[in-house]
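Geometric and topological summary
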Amino acid sequence: MSYHHGSSSNHHSSHHPSHHPHSYSHQAHPHLPFSLTPAIPVQGPPSASPFSPSSHAARPARNVTEIIPRLYISDLAFAENPALLSAYRITHILSTMCEKIFHPPPSLLPMQPVRMQVKVEDLPFAELAGYLPSTTAFIRDALASNPEARVLVHCAEGISRSVSVVAAYLMAQYNWTPTEALHYIKSKRSLANPNFGFVQQLHEYARDSLGRQIANPVPPFSVPP
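The structure contained in this document is the topic of the report that follows. (Residues numbered from 1 in each chain as written. Predicted model: local features only at pLDDT ≥ 70, side-chain atom pairs only at ≥ 80, totals over all residues. Heavy atoms only, no water.)

Some points on the overall build of the protein
Within the protein, the regular secondary structure consists of 6 helices and 6 strands. Ordered by position in the sequence, the α and β elements of the protein form the string β-β-β-α-α-β-β-α-β-α-α-α. The 225 residues of the protein split such that 52% are buried. At a minimum sequence separation of 6, the contacts of the protein that also span at least 24 residues come to 66%. As displayed, the protein offers around 10300 Å² of accessible surface, 56% of which is attributable to carbon and sulfur atoms. (Helix = DSSP H or I, 4+ residues; strand = E, 2+ residues; numbered from the N terminus. Buried < 20%, exposed > 50% of the residue type's maximum accessible area, 1.4 Å probe, protein only. Contact = heavy atoms within 4.5 Å. Areas by Shrake-Rupley, 256 points an atom, 1.4 Å probe, with all protein chains shown as cover.)

A few points about the pairing of strand 3 (residues 71-74)
Every second residue of strand 3 is oriented toward a common face, with Leu71 and Ile73 on one face and Tyr72 and Ser74 on the other, all of them buried. One ladder, built from 4 bridges, connects strand 2 (residues 64-68) with strand 3; its direction is antiparallel. Looking at strand 3, one finds that Thr65 is bridged to Ile73. The turn linking strand 2 back onto strand 3 is made up of 2 residues, and Arg70 within it adopts a positive phi angle of 80 degrees. Across 4 bridges, the pairing between strand 3 and strand 6 (residues 151-154) is parallel. When the sheet's bridge partners are listed, Leu71 is paired in strand 6 with Val151. (Pairing = 2+ DSSP bridges.)

Comments concerning the environment of Asn193
Turning to its location among the elements, Asn193 is positioned in the loop between helix 5 (178-188) and helix 6 (196-208). Separated by 10 residues in the primary sequence, Asn193 and His183 place their C-alpha atoms 9.9 Å from one another.

The values reported here are purely geometric and, on their own, carry no functional implication.
Structure (structure tokens):
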């Protein structure tokens, strides 16, 4: 796992995720049926529009989705495109893939984002759960660091790894179950579809890191449309 700050002076520093190993909710909550307007928590995430902010381009990129305000999921092509990163004012990038990521230099991207990379294969038995406390802390600290901070989480296609990482953050932030978090993301980004191993590991994360009483998922593991 790599983690480092960009060189821009336009954003505040984030704390290293490892500084917050136990800063998550440990309150269990009863399971409620999920709807696209989640019943838990009472104060849910604010509304966010897919493919926003539309004001930045006449034809917004279709490989990026705003899940909640200032938190985005994209594919690799978006994450490596300096013009799009600049247009969306991305200040933090969380990469969830093993391959080397192109970092546009300051000559192409003057505001260098803070970056974190976790090297995870998109395979059902790849280890993901062990990274989720750190990735959740990275997202949480980034969004809290500055009201102008914008966080991008990406993998190769923005379908499985990045979706799982954002789901873990939503679970910790809003006291949601894995199913609720994944359905919410699916309502914003229709192609979201984590592999079954990652869905299982989100349940493991809920129990082991968030202290939730939650049963293992049952087949089918994919998120229904």
